[in-house]
Amino acid sequence: MLRIKYDDKITRMFLIACLVWGVLGMSAGLWLALELASWKFNLGLPYISFGRLRPLHTNAVIFAFGGNAIFCGVYYSTQRLLKARMFSDVLSRIHFWAWQAIILVGGIGFLFGITQGKEYAELEWSLDLVLALVWVVFAINFFGTVARRREKHLYVALWFYIGTIITIAVLHIVNGLAIPVSLTKSYPVYAGVQDALVQWWYGHNAVGFFLTTPFLGLMYYFVPKAAERPVYSYRLSVMHFWALVFLYIWAGPHHLHYTALPDWAQDLGMVFSVMLLAPSWGGMLNGLLTLRGAWHKLRTDPILKFFAASITFYGMATFEGPLMSIKSVNALSHYTEWTIGHVHSGAIGWVGLLVFGMIYWLVPRMWRTPLHSQALANAHFWTALVGILFYVVSMWIAGITQGLMWKEFTNEGVLAYPNFLEIVTKIIPLYWLRAFGGSLYLGGLLVMVYNVARTIRSAPAFQDEEAMVPEAPAVPAHAAPVAQYWHAVLEGRPFALAILTTVVIAIGGIVEMVPTFLIESNVPTITAVKPYTPLELEGRDIYVREGCYNCHSQMVRPFRDEVARYGDYSKPGEFVYDHPFQWGSKRTGPDLHRIGGKYNNLWHLRHLDDPRLTSPGSIMPAYRFLLESKLDLSLTPNKIRVMRQLGVPYAKEVETECRTQAQTQARSIAADLEKDGVKGMADKEVIALIAYLQRLGTDIKWRETGPAAASIQAPAPAPAVAATATTSTHPSKGAGI
Amino acid sequence: MEEKDKILETHQDNDGIQEYDNPLPGWFLYLFYGCVLFAGLYAPYYVGYSHAMATAGGGGANLSASGGDYLASVRLEEAARAAAPTVELKGADLIGYLKSPASVSGGETVFKANCVACHGDQGQGVVGPNLTDPFWLHGGSPQAVLASVSHGYPDKGMPAWKNVLGSEKARMAAAYVISLKGRTVSSPKAPQGDKEP
């Protein structure tokens, strides 16, 4: 036997980082909740306007709070499961500090509008590159430890860690491919439909492989530890691991139901999401049933309370997810607050509570001191639980209200709520309730931070934990009873396991992406669709910078209500020059794909100056600073050059003439505004944004001749009163079924 | 019948974590098989269905994105509207309607909710033209005002309100606009269009 020391310092570092970022990320979330309840919380500051602050919140809670929690648990459990100190202390430190630096720099960048404009992948190319390298460091450190292990077979938690490390690398690299314009600006190599498919393949699997598989791994380690019970079923863990990693990767297109993504890809996304229910529940069962025989401990032990509630939320969220991915449910739920409620029951229910339970379990062991107060830990649990319920229930009600009101028609055949704002203002009380729930949740976290800080203060001097381990890996288990299962062979061969995992996760992505990229009929060409003018391109970059996609979609789905409200439904060929696509995933405000030409330039200017001037009751932040800041055209030639490299058919001379072209177009818009009495706008950023907005959705002539325009104007224009309407126009009859 | 809660015998230690060798619960397996069966049936059915709808609509390539559903819903709606009995207002009936105090007061509500953002709270004009002066871009007669409100001038930013509000509310809004003519307002917008008596 050999006496070794585990590296516990790194676990403690990640644990503290997790708490610090948790407080910051959730505070940003609470502030965003308040900004929706009252626009005044935007404080007139560009840096914390909703569109810039939301990426900070999502990235901070997913990659900073969640990421540090993963690393904390992985570094702790991997060493003990493999009976080996981490491969390299230096790599561990590089991993830690580089990860915190990326988050810090990236987070500050978001406040300044440095973003790629793709949800949960907002980091610009330069930080993306560093992130990829750090992930490789983590992988080397992890697999190096695996190679030096003193335990032949890998426990189920480690399979999940391996699946996470491989898949996140693949997702991050494929989705992050971009051509730089400058250090802080790039355009993704994909456009429109393809970009949407890649982005949501990434986006959904960020949920799958950053917020699910690593936490299932942590569950498999910490729940049996805390409950002091055996894991319910080994066979179930084998089945649900492979089914989960295989099925998850296909599910991305359910974020794009009824969009311009080809139908077959949507259908695949839906059926794989439905099938995902079973393996997800396999994880829930194995977690909850492991608690059999320990239920009585829940009365006194806050850790098991956190774990039991966390796994229950996992089961609820993974039932709700497949439900929402059914196309006819999605027709109602998509773009609404329901989605926000759903992700938070996963994020603050499943992930958050699991992390809290794990930290309460780790802190006394890592600092060799009993927890300062069990009562405060119990109080934290109940505060968090009530907070989640307020959050999720208010978002359910808000989401279903939105969905139904958007779709409601009167008996005369017109929208019952044609004014979008009427629906926005209806759910503001629910925004306040959500903010209340969120503040409870954050309050609970602050109690925990206090509790942990008090515990650490009374801790003795730090020592790494020592363990007696065998000098060489245990003998291969060929003769052992475990060999009755084929899977045991794989558990003894981690690199084979890793390669098999790679193959399994690659299949779904390849089947969905390759045809979408290669077969032309999936994105039929529309000859009328032309590249943006240089000024419009600059305006689009402002749209991306300000994060407009966080509240506005650019995708009119082919439903009667959306065509009546916004205009002709969006065609795949209309987005071929959109690097990145900006379809959005949420309609806090109305869709903007057909906004071009709907209002005149003055309306847009006034609306951006203060949305309440044109739209009383609007909750949108004021963008007055766009009327004051000067439009910077210094990068325009570079941008055109990169676009040309990406295959956007600009003539060669546009590269040299783009500034003049932009200024000419800006002057003509400014001249139009001057007619209405607004002077001195020609060189301001707002002009570029107006140019972009006025261009949106106008390449095809839908207002005059589009099939949808013709059908919504039927019957003949003579004034007609529908004395009695005989048919129901309930949305379920009209759309989505 | 397999033995329940038998500890899996292995040579590994798993840091002290043991595993039972329990079988998968039956209901869970059936759930999984059921989901797979559903997927196997749904995908071919749905793909075939939407393809058939798109082909029937003659939309071809334009309808690759769920267009089939859209066409089906519009056709249902058109049939319903064609079947609905309608009452048309013409001539003196129309003028009477537009001048009636009930229409004007109903129209005021519609105007305040939908029109003030562009035409101002008193109709004095902001983004859109002043509605209280004798100058008109598209005619100031009751019929012309009704036509402007109903069908709009989408190129200039004036929506076709009949499609948004329905003809009843659009007519009431027109009635209110007609009643605004000659009203004295603070800070009126400069005249646009031709003077009409």
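Residues numbered from 1 in each chain as written. Chains lettered and ligands numbered in written order. Predicted model: local features only at pLDDT ≥ 70, side-chain atom pairs only at ≥ 80, totals over all residues. Heavy atoms only, no water.

A. Looking closely at unusual backbone geometry. Residues and elements named next belong to chain A. Between H579 and P580 the backbone carries a cis peptide bond, its omega angle lying at -10°. Residue position: P580 is located in the loop between α20 (560–566) and α21 (601–609). Backbone geometry places Y335, a non-glycine residue, at a positive phi of 70°. Residue position: Y335 is located in the loop between α12 (327–333) and α13 (337–367). (Helix = DSSP H or I, 4+ residues; strand = E, 2+ residues; numbered from the N terminus.)

B. Quick peek at α13(A). All names here are of chain A. Taking 1.5 Å per residue, 31 residues should reach 45 Å; α13 reaches 41 Å between its end C-alpha atoms and fits that length. Largest kink in α13: about 30°, centred on G352. Most of α13 sits out of view: 26 of its 31 residues are buried. The N-cap residue of α13 is T336: its side-chain oxygen and the backbone nitrogen of W338 are 3.1 Å apart. Of the residues trailing α13, R368 is marked for its positive phi of about 50°. (Expected span 1.5 Å × (residues − 1). Bend = angle between axes of the 7 residues up to and from the residue. Buried < 20%, exposed > 50% of the residue type's maximum accessible area, 1.4 Å probe, protein only. Polar contact = N/O pair within 3.5 Å; in protein donor to acceptor, adjacent residues only side chain to side chain.)

C. Focus on the domain arrangement of chain A. Residues and elements named next belong to chain A. Assigned domains within chain A: domain 1 (1–152) and domain 2 (534–713). In this assembly, 19 residues from domain 1 lie in contact with 20 residues from domain 2. Surface buried jointly by domain 1 and domain 2 totals about 1500 Å² across both partners, of which 58% is contributed by carbon and sulfur atoms. Along the contact surface separating domain 1 from domain 2 lie one salt bridge. Note that R52 and E546 form a salt bridge whose closest N and O atoms lie 2.7 Å from each other. The interface formed by domain 1 and domain 2 holds six residue pairs in polar contact (both at pLDDT 80 or more) in total. Secondary structure elements with two or more residues in the side of domain 1 that touches domain 2: α1 (9–37) and α2 (50–82). Tallying contributions element by element places α2 first for the side of domain 1 that touches domain 2, with five residues. (Domains from an automatic or database assignment. Contact = heavy atoms within 4.5 Å. Buried area = accessible area lost by both parts, 1.4 Å probe. Salt bridge = Lys/Arg side-chain N within 4 Å of Asp/Glu carboxyl O.)

D. Main features of the side chain of T588(A). Along the chain, the position of T588(A) falls in the loop between α20 and α21. At a separation of 2.8 Å, a polar atom in the side chain of T588(A) contacts the side chain of K586(A).

E. Just the confidence of the model for chain A, in detail. Residues and elements named next belong to chain A. Overall, the prediction assigns chain A a mean pLDDT of 91, with 94% of residues at 70 or greater. Contacts for the low-pLDDT stretch residues 477–481, under 50 throughout, to residues beyond four places or in other chains number seven contacts. Contacts for the low-pLDDT stretch residues 705–737, under 50 throughout, to residues beyond four places or in other chains number 66 contacts. (pLDDT = per-residue confidence, 0-100.)

F. Geometry of the nonpolar core. All names here are of chain A. With 206 residues, the main nonpolar core has F215 and F356 as its most contacted residues. Examining the composition of this core, we find that 17 residues originate from one element, α2, more than from any other. The contacts of F356, once residues within four sequence positions are left out, are M26, F65, F306, H380, Y441, L445 and M448. Counting residues in each nonpolar core, the second largest holds 53 residues, with Y187, F625, L626 and C658 among its members. (Core = buried A, V, L, I, M, F, W, Y, C linked by side-chain atoms within 4.5 Å.)

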